[in-house]
Amino acid sequence: MPTLKIDGVEITVPPGTNLVEAAKVAGKDIPIFCYHSHLSIAANCRMCLVHGSQNGRPWPKAMPACQTLVADNMEIDTCSEKTQAVRKGVLEFILINHPLDCPVCDKSGECMLQDNFFEHSNRPSRFHEYKEQKLKTYDIGPQIIYDGERCINCTRCVRFMDEIALDNQLAQINRGDRSVIACAEGKQLDHPYAMNTVDLCPVGALLGKDFRFQKRAWFLQHTDSVCPGCARGCNVVIDSARLENEVYRIKPRDNAAVNGPWMCDDGRWTYHQARERRLTQATVRQDGEHKAVAVDVALRQAATLVRLHLGKPTLAVAVSPHLTSEDLYLAASLQKQLFRASTYAVTGHAPWKGDNFLKVSDRNPNRRGAAAIHDALGLKDVLDGNALLTAVESGKVKALVLIGTELPSADFDRLKAAFSKLDALVVLASEKDAAAQLADVAIPVAAFTEMEGLWVNAFGRVQRVRACVPPKGDAQPAWKALRGLARQLDVNVRQADHRDLVVDLAREVPLFNNLTHESVGAFGVARGAETSAPRKVGEGKLPEDFTLPA
Amino acid sequence: MVTETATVPAPAPALPVKTVRVVSRNWGKPNSHTLPSYRDSGGYKLWEKTVKGQGLKPQELIDTVKAAGLRGMGGAGFPTGVKWGFLPKDNPKPRYLVVNGDEGEPGTFKDRYIMELDPHMFIEGCMLSSYAINAHVCYIYLRGEFLFQVKRMEAAIDEARAAGLLGKNILGSGFDLDIHVHRGAGAYICGEETGLIESLEGKKGQPRLKPPFPAVVGVFGCPTIVNNVETLTHVVPIVEMGAEKWKALGKNGAPGTKLYGISGHVNKPGVYELPFGSTMRELLEFAGGVRDGKKLKAIVPGGASCPLLLPDQLDTPLDFDSIKKAGTMLGTACAIVMDESTCMVRAIARLLKFYAHESCGQCTPCREGTHWLAKMLTRIEHGEGREQDLTLIDEVANNIMGNTICALGDAAAMPTISYFKKFRHEFEEHVKTGKCRFGEHEVAPRQVTIGP
Ligand SMILES: Cc1cc2nc3c(=O)[nH]c(=O)nc-3n(C[C@H](O)[C@H](O)[C@H](O)COP(=O)(O)O)c2cc1C
Ligand code: SF4
Ligand code: SF4
Ligand code: FES
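Residues numbered from 1 in each chain as written. Chains lettered and ligands numbered in written order. Predicted model: local features only at pLDDT ≥ 70, side-chain atom pairs only at ≥ 80, totals over all residues. Heavy atoms only, no water.

A look at the side chain of A:Glu450
Residue and element names in this part refer to chain A. By secondary structure assignment, the location of Glu-450 is in the loop between β22 (441-444) and β23 (453-456). According to the relative accessible area criterion, Glu-450 is buried, its value standing at 5%. Among the polar contacts made by the side chain of Glu-450, one reaches the main-chain amide nitrogen of Lys-472 at a distance of 3.5 Å. Among all residues touching Glu-450, those that are not within four sequence positions of it are Ala-274, Arg-278, Ala-467, Val-469, Pro-470, Pro-471 and Lys-472. (Helix = DSSP H or I, 4+ residues; strand = E, 2+ residues; numbered from the N terminus. Buried < 20%, exposed > 50% of the residue type's maximum accessible area, 1.4 Å probe, protein only. Polar contact = N/O pair within 3.5 Å; in protein donor to acceptor, adjacent residues only side chain to side chain. Contact = heavy atoms within 4.5 Å.)

Right under this line is the structure:
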């Protein structure tokens, strides 16, 4: 393993390590723009140029740290005046044609150009010429706006599309300081993973329309959580505004075992369901009208409706695979001790078409968790959402308790017809969806941005969902609402708080044995041997008809 | 067979006695570009012998070229035989020979005459070189503006193919070779060897990062040798007369002969084949001296990217090492002569406009810096210079120098630094007086580019 010195600090790192990564080992920071650990090396921004020497002989010129690999007897200087002078020159060049419109740029506050400039130059520009004018607010795709004047031509976006998305939608066109990023004529940046280019863009040149002009970056707080969009459970950061308790954005969080630093665009929009169309008040139906009531009143009404059916063939209880494992554990325990419903089901959204990158076909983040809990607690004959709807449609079921309302069908008319066969429909819902609108009693529960708990992804990895904002209105975590319902039915739930639930879950369900929220941590714990790492650069295929001229 | 005549008359008849006609020996003969004419002077005998295995073996060819001390004529002067030796021995992929006929360097016009006046000697050079490195496909990359040369090369290749000198199982030897002409789109950067390779692959011509060098990973990811047109043409006389005899043609320690171009303020601009190592003074004499009896001001010795040579350095031998000692470069060995009527500020401003326009836009210092220099120098020339600009010119150029992916950045910075250093008083005068003593020029309109 090569041993080298970085600013006098001796380190030994594996061969093939580049100097940017090696510097991190030595506790040094080399500024970068175009380098990204998950993309090929372009070495075009020249921000990372450093001086150094080999075997005591100084390099004839500064070398790009991202492209240069470690070697024995190498010495690098990351902060001498000589290296700093090169950096100042590069930053000055990058800024001469830059529009300096930080006050109206959404990247401001989380921009690598701002950061690198203030840290490594902070020198007034000496440029006295006119600036080049380029494409501004160019509609490059359905979700994305491009600004050619802010673009520093680092080609991170181009490389992502070429190497990771494997769809060459972007290219750098024109030459010299007229260079801009563009799509082929008549084409758009509309790949289902296109928003990753926005995360990658070191400046405000690619911006998501969804977040644009919504919030200044410095008002955001960041919570590590998991995407609810599908059963891969991509690790994400949820950005919410501190003062108004509102979620503004979801971005991927690097977890090599799950999603790498990427996520799909659909996953990013899931926060809208937690922000808009929310059920914030309990409702009961009186004379065909929905009336907003206190949660206690609604729970009492629900108990009245359900009590008649407890332990009878007419009762069905269904849980959603979007609930936390703690919620599911409590629901399953109550099924055994209280509901004893003859029909017990796990609902969930109908599958979508997965892809060969991140999306898996199951759109529900915790189906594996639900199955593990039901197995461990000995619940038999658990139906799926479609079988439940068929049972309801057959008229056999008279009372239905829906804990979480993600159903395989969102067809309002179909659900209305089915639910009209019921005498009682009690739902615990976070959204004003079809089920909540058709319910006799609807009790608001937390959305995924408001709940703490564990999910198990399609590959058996236990991951932690975290609350980044408090539940909206009267909503509360589903397990609390369930406990309230149980009390109204004269059953005292043993677990006093969430922590007790986790302890019991960990004790009684083998998949969760010995786990706590802390031990699951931000990156999750793999249970079982399945792996699901996403593809890396170079793992894409050449077109099959490619033969070398010979 | 193409019957058009070359757009520029052959310089041959006007040449004084001291020239050595080796690679230009057929220039000026009637129909020198046709196969019969080339055959008349003994052409393709070498190839026939070699391909049948009766001549030098591949490794012997490489050794001969090495021994002759042939160096790249495309600008960098890298020893050709050494470059060929870099091909990996154990790589099972096919190998390619790529000929750099982009000839984009301002002031350079030697390769085009080879292709116009004696395409077959060039083709024979490609054949011998392909045989030496065991390549079965050879690409000749020509710049987009070389329409006439493309046609002429294609016609010559067709002739050679029809005569069985190219194709499958050449003359029953079992050796396959084909040559393809690829026309670029007129970008200077496609002369840089890796930019050329990208362009040849059908991509945007942007230089690649090195290492790996083309000899290891080149066209289509396969080992590739990139050589200049003139470099490969010299291979024919080297193999013909042997390394020692060829070397002895040179002067002042340099081996063989060289095509020198000369243009600008001279009486007889053109291409002259002289012993390699001839001095600048000799070349200037061949070109009939400075035009209109004016005084010499400066010479760019080898294409626009080289630093200046001053009148007191005229006795510098024009070979790679001697000229380096004089503080400049041989480059393409095509000199541009400037007389006393030249405004050096205007000259460098015009030059930077070229580099700024041709920068591929990949790396920051060149993409932004060349334009900055071009705008600043143009402003100074138009009398709007500021005192600060006089320190800025050097600093901006030095911030480009050595910090870019390919040598285009250096090619823009080097002359800037040189012109400014050697003619600083002219820059100062422009700034101080706000005027150019060499006359007013039209102010270029401001360029704005909007739209993808
Ligand atoms: C900006 C730039 C432009 C170049 N243009 C040419 C050219 O037009 N023709 C050429 O032969 N070499 C050109 N070169 C040099 C090539 O990169 C390369 O060194 C050469 O083709 C190698 O051939 P040689 O070893 O036979 O000289 C250029 C280099 C640079 C950096
Ligand atoms: S749009 Fe952003 S990521 Fe793409 S090249 Fe420009 S600065 Fe880089
Ligand atoms: S130096 Fe100029 S031409 Fe060469 S890669 Fe960089 S931007 Fe392109
Ligand atoms: S980060 Fe190394 S050149 Fe851009």
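That shown, we press on.
Observations regarding the interface of chain A and chain B
Taken together, the contact between chain A and chain B spans 44 residues of the former and 48 residues of the latter. In this assembly, chain A packs against chain B so that about 4100 Å² is buried in total across both faces, 54% of it on carbon and sulfur atoms. Looking only at chain A, the three residues that lose the most surface to chain B are A:Phe93, A:Arg126 and A:Arg175, adding up to 19% of its buried area. Taken together, the links from chain A to chain B amount to four salt bridges. Summed over the shared surface of chain A and chain B, the number is 22 residue pairs in polar contact (both at pLDDT 80 or more). Where the side of chain A that touches chain B is concerned, the elements lending two or more residues are α2 (81-96) and β9 (171-173) of chain A. For the side of chain A that touches chain B, the element with the highest residue contribution is α2(A), accounting for seven residues. For the side of chain A that touches chain B, the residue count by class is 22 nonpolar, eleven polar and eleven charged. (Buried area = accessible area lost by both parts, 1.4 Å probe. Salt bridge = Lys/Arg side-chain N within 4 Å of Asp/Glu carboxyl O. Nonpolar A, V, L, I, M, F, W, Y, C, P; charged D, E, K, R; others polar.)

Regarding a nonpolar patch on the surface
All names here are of chain B. Together, Phe-78, Val-82 and Phe-86 give the surface a local cluster of nonpolar side chains, amounting to about 260 Å² of exposed area. Mapped onto the secondary structure, Val-82 falls in helix α4 (residues 80-85). For Val-82, a relative accessible area of 32% puts it in the partly exposed group. (Patch = residues over 30% accessible without salt bridge, like charges linked within 9 Å, V, L, I, M, F, W, Y side chains within 5 Å. Areas by Shrake-Rupley, 256 points an atom, 1.4 Å probe, with all protein chains shown as cover.)

Structural notes on the pattern of salt bridges
The full count for this structure, using the stated rule, is 61 salt bridges over all chains. With a shortest N-O distance of 2.9 Å, A:Asp504 and A:Arg507 are connected by a salt bridge. Here A:Asp504 and its partner A:Arg507 are both found in helix α15 (residues 498-508), three residues apart, which amounts to about one turn of the helix. Residue A:Asp504 is classed as buried on the basis of its relative accessible area, which comes to 5%. A salt bridge links B:Asp178 to B:Arg161, with the shortest nitrogen-to-oxygen separation between them at 3.0 Å. Of the two residues, B:Asp178 is situated in strand β3 (residues 178-183) and B:Arg161 in helix α7 (residues 147-162); the sequence distance between them amounts to 17 residues. Residues participating in the shared-partner salt-bridge network are A:Asp101, A:Lys136, A:Asp147, A:Glu149 and A:Arg150.

Let's talk about the sheet that holds strand β12 (residues 220-226) of chain A
Residue and element names in this part refer to chain A. Spatially, β12-β13-β14 is the arrangement adopted by the three strands of the open sheet, whose pairing is antiparallel. The sheet is open, and its two borders are formed by β12 and β14 (246-252), each paired with just one other strand. Here the average twist between neighbouring strands, direction ignored, is 30°. Judged from the six bridges that link them, strand β13 (residues 235-241) and β14 form a sheet pairing that is antiparallel. Across the sheet, residue Ser-240 finds its bridge partner in β14, namely Val-247. (Pairing = 2+ DSSP bridges. Axes fitted to C-alpha atoms, helices over the stretch in contact; angles between N-to-C directions.)

Some thoughts on the pairing of β3(B)
Residue and element names in this part refer to chain B. Here strand β2 (residues 137-142) runs beside β3; their pairing, made up of six bridges, is parallel. Bridging across to β3, Leu-142 finds its partner in Arg-183. As a crossover connection, the stretch from β2 through α7 into β3 is right-handed. (Right-handed = clockwise from strand over helix to strand, strands pointing away.)

Notes on the packing of aromatic side chains
Across all of its chains, the model carries 21 aromatic pairs over all chains by this definition. Between the aromatic rings of A:Phe93 and B:Trp372, the centroid separation amounts to 6.0 Å while the plane-to-plane angle is 90°, which identifies the pairing as edge-to-face. Linking A:Phe93 in helix α2 with B:Trp372 in helix α14 (residues 364-381), this pair reaches from one chain into another. When its relative accessible area of 1% is taken as the criterion, A:Phe93 is described as buried. Take B:Trp372: its relative accessible area is 0%, and that puts it in the buried class. Relative to B:Tyr44, the ring of B:Tyr38 lies with its centre 5.1 Å away and its plane at 85°, an arrangement referred to as edge-to-face. You can call B:Tyr44 buried: its relative accessible area is 0%. Members of the aromatic cluster, connected to one another through ring pairs, are A:Phe93, A:Phe127 and B:Trp372. When the ring centre of A:Phe357 is taken as reference, the NZ or CZ atom of A:Arg535 above it lies at 4.5 Å. Above the ring of B:Phe146, the side-chain terminus of B:Arg143 is found at 5.7 Å from the ring centroid. (Phe/Tyr/Trp six-rings, centres within 6.5 Å; stacked < 30°, edge-to-face > 60°. Lys NZ or Arg CZ within 6 Å of the ring centre and 35° of its normal.)

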